[in-house]
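Residue-level structure breakdown
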Amino acid sequence: MSIQNEVKDLIIPIDRKIQQIDIKSQYIDLAQPIHLYGQVNVTKLLAEYGINKEPHLNTQQHVERSTLQIGVDEAGRGPLLGSVNVAAAILPMTWAGLIEAQPLKDTPLSILTDSKQLSEKKRDILYPLVQQHAIGFIIADIPAAVIDQVNILQATMLGMRLCTEVLLEIIAKHMATSMMQFEVLFDGNRCPDIDYVMLAKLGIETSAIDCQAWVKGDARHTSIAAASILAKVSRDTAMYMLDTEYPEYGIAKHKGYPTKAHIEAIEKYGVLPAHRRSFAPVRKAIEN
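Treat the numbers as computed from the prediction; the structure is a model and nothing was measured. (Residues numbered from 1 in each chain as written. Predicted model: local features only at pLDDT ≥ 70, side-chain atom pairs only at ≥ 80, totals over all residues. Heavy atoms only, no water.)

Observations concerning the overall build of the protein
As a reminder of what qualifies: Helix and strand definitions follow DSSP, with helices as H or I runs of at least four residues and strands as E runs of at least two, each counted in order from the N terminus. When a residue's accessible area, from a 1.4 Å probe over protein chains only, is under 20% of the maximum for its type it is buried; when over 50% it is exposed; and in between it is partly exposed. Contacts: residue pairs with any heavy atoms within 4.5 Å of one another. In these tables, accessible area is a Shrake-Rupley quantity obtained with a 1.4 Å probe, and a residue counts as shielded only by the protein chains included in the view. A positive count includes Lys and Arg, and a negative count includes Asp and Glu. His and the chain ends are not counted in either. One atom stands in for each charge, and that atom is NZ of Lys, CZ of Arg, CG of Asp or CD of Glu.
Counting secondary structure elements, the protein contains 10 helices and 7 strands. If you line up the protein on its principal axes, its C-alpha atoms span 70 × 50 × 45 Å. Burial status across the protein gives 49% buried among its 288 residues. If you take every contact in the protein between residues at least 6 apart in sequence, the share linking residues at least 24 apart comes to 73%. When the accessible area of the protein is evaluated, it comes to approximately 14,300 Å², of which 51% is carbon and sulfur surface. Taking the average place of the 29 positive charges on the side chains of the protein and the average place of its 33 negative ones, the gap between the two points comes to 5 Å.

Comments concerning helix α5 (residues 152-174)
To keep it simple, the criterion reads: Each helix should span, by expectation, one fewer than its residue count multiplied by 1.5 Å. Polar contact is the term for a pair of N or O atoms within 3.5 Å; when the atoms are in protein, one must be able to donate a hydrogen and the other to accept it, and sequence-neighboring residues count only if both atoms are side-chain atoms.
With 23 residues, α5 should cover 33 Å at 1.5 Å per step; its first-to-last C-alpha distance of 34 Å lies within 8% of that length. Taking the backbone nitrogen of Leu153 as reference, a side-chain oxygen 3.1 Å away marks Asn151 as the first, capping residue of α5.

Let's talk about the pattern of salt bridges
How we decide: Each salt bridge in this description consists of a side-chain nitrogen of Lys or Arg and a carboxyl oxygen of Asp or Glu lying within 4 Å of one another.
For the structure shown, the criterion picks out 5 salt bridges. In this structure, Asp236 and Arg123 form a salt bridge, with 3.9 Å as the shortest nitrogen-oxygen distance. Separated by 113 residues along the polypeptide, Asp236 in helix α7 (residues 222-245) and Arg123 in helix α3 (residues 120-133) bring together distant segments of the chain. With respect to class, Asp236 is no different from Arg123; both count as buried. One network of salt bridges, in which partners are shared, links Arg16, Glu169 and Lys173.

Regarding the sheet that holds strand β4 (residues 84-90)
This is how the line gets drawn: For two strands to count as paired, DSSP must find a minimum of two bridges between them. Every axis in this analysis is a line fitted to C-alpha atoms, fitted for helices over the stretch in contact. Angles between the N-to-C directions lie between 0 and 180 degrees.
Spatially, the 7 strands line up as an open sheet ordered β1-β2-β5-β4-β3-β6-β7, and their pairing is mixed. A strand with exactly one partner marks an edge of an open sheet, and here the two such strands are β1 (11-23) and β7 (209-214). On average, each strand axis in the sheet is inclined to that of its neighbour by 20°, with strand direction left out of account. Relative to β7, strand β6 (residues 181-187) runs parallel, the two sharing 6 bridges. In the strand pairing of β7, Phe186 is matched with Ala213.

Concerning the environment of Leu68
Within the fold, Leu68 resides in strand β3 (residues 67-75). For Leu68, a relative accessible area of 0% corresponds to the buried category. As for Leu68 and Ala96, which are separated by 28 residues in sequence, their C-alpha atoms are 9.2 Å apart. Not counting residues within four places of it along the chain, the set of residues in contact with Leu68 comprises Leu45, Tyr49, Ile90, Ile171, Met180, Gln181, Phe182 and Glu183.

Quick notes on the side chain of Arg161
Mapped onto the elements, Arg161 comes out in helix α5. Of the residues examined, Arg161 reaches a relative accessible area of 10% and is grouped as buried. Residues in contact with Arg161, not counting those within four places in the same chain, are Ile21, Asp22, Ile23, Pro192, Asp193, Ile194 and Asp195.

Re the pairing of strand β5 (residues 136-142)
The buried fraction of β5 is high, at 6 of 7 residues. Sheet topology note: the strand β2 (residues 26-41)/β5 ladder contains 6 bridges and is antiparallel. Bridging from a neighbouring strand, His35 pairs with Asp141 of β5. Where β4 and β5 come together, 7 bridges link them in antiparallel fashion. Its bridge partner being in β5, Asn85 is matched across the sheet by Asp141.

Some remarks on the environment of Ile11
For Ile11, the location among the structural elements is in strand β1. Classification of Ile11 as partly exposed rests on a relative accessible area of 37%. Sequence spacing of Ile11 and Gly217 is 206 residues, and the spatial spacing of their C-alpha atoms is 28 Å. Among residues more than four places away in sequence, those in contact with Ile11 are Gln39, Val40 and Asn41.

By themselves, these are just geometric observations and shouldn't be taken as functional.
And the structure:
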């Protein structure tokens with residue numbers, strides 16, 4: 001009887017809480033920690049993008065396949081309640097591209113498109129599949145207190161920045177990056193301020209990072225669509241948990257968005273700790 005040794009993938013888990021951060025050259029203590037969680041499958045990363053540390057050992061194929069794409073998206077900028085969630089995803093090389101080109105056809109993620117165009121049932125199906133098949137992914141939970149502290153735009157940009165930097169940091173620690181190029185695709189009309197100095201110290205030069213902002217990018221690029229699923233479902237999950245604590249607010253139905261029922265619940269039962277006090281309806285309720 002022969003015994004075969006099963007070789008397991010090397011997976012680096014991500015679980016960090018950020019309490020202090022440099023924002024626009026100002027080092028600040030955050031009102032609450034930002035939680036980052038996810039993983040990078042180093043075995044898959046090296047198999048698809050691995051580059052020899054000695055340049056003369058790299059073939060033209062190595063050089064041509066050395067562009068790694070990261071998709072980044074957010075969920076929850078508009079609600080009055082809870083965190084804004086940001087996620088980033090690295091899909092297998094042949095799966096990353098324009099959705100219209102159908103790179104996901106005949107893959108486990110074949111139904112993936114913009115999370116807002118999918119039913120909740122399909123999003124819930126895709127959520128574990130994206131985590132299972134992505135080379136790497138990360139989710140950032142930016143709490144309401146931080147949103148109130150720096151405003152919703154800066155909180156979102158901060159989440160996008162942290163997701164990008166942590167993924168690139170892990171990549172730099174586990175493979176040679178001198179011959180690599182990185183495409184970071186952000187959903188929206190702007191890119192965050194990446195800490196290029198920190199990344200350069202890790203071996204990733206500024207010229208190797210191509211940050212692109214794509215309006216409605218979650219409907220254009222598979223990697224952004226994957227990030228969209230992670231951000232949306234992780235936030236919805238948090239809303240369902242809040243609903244079990246405060247069923248009278250109907251959070252499972254409105255997910256924190258400013259519906260008539262939600263505003264009436266605030267007026268009747270008061271403001272919760274997870275409400276965003278800088279948002280007008282909540283601020284008005286507090287003043288009254």
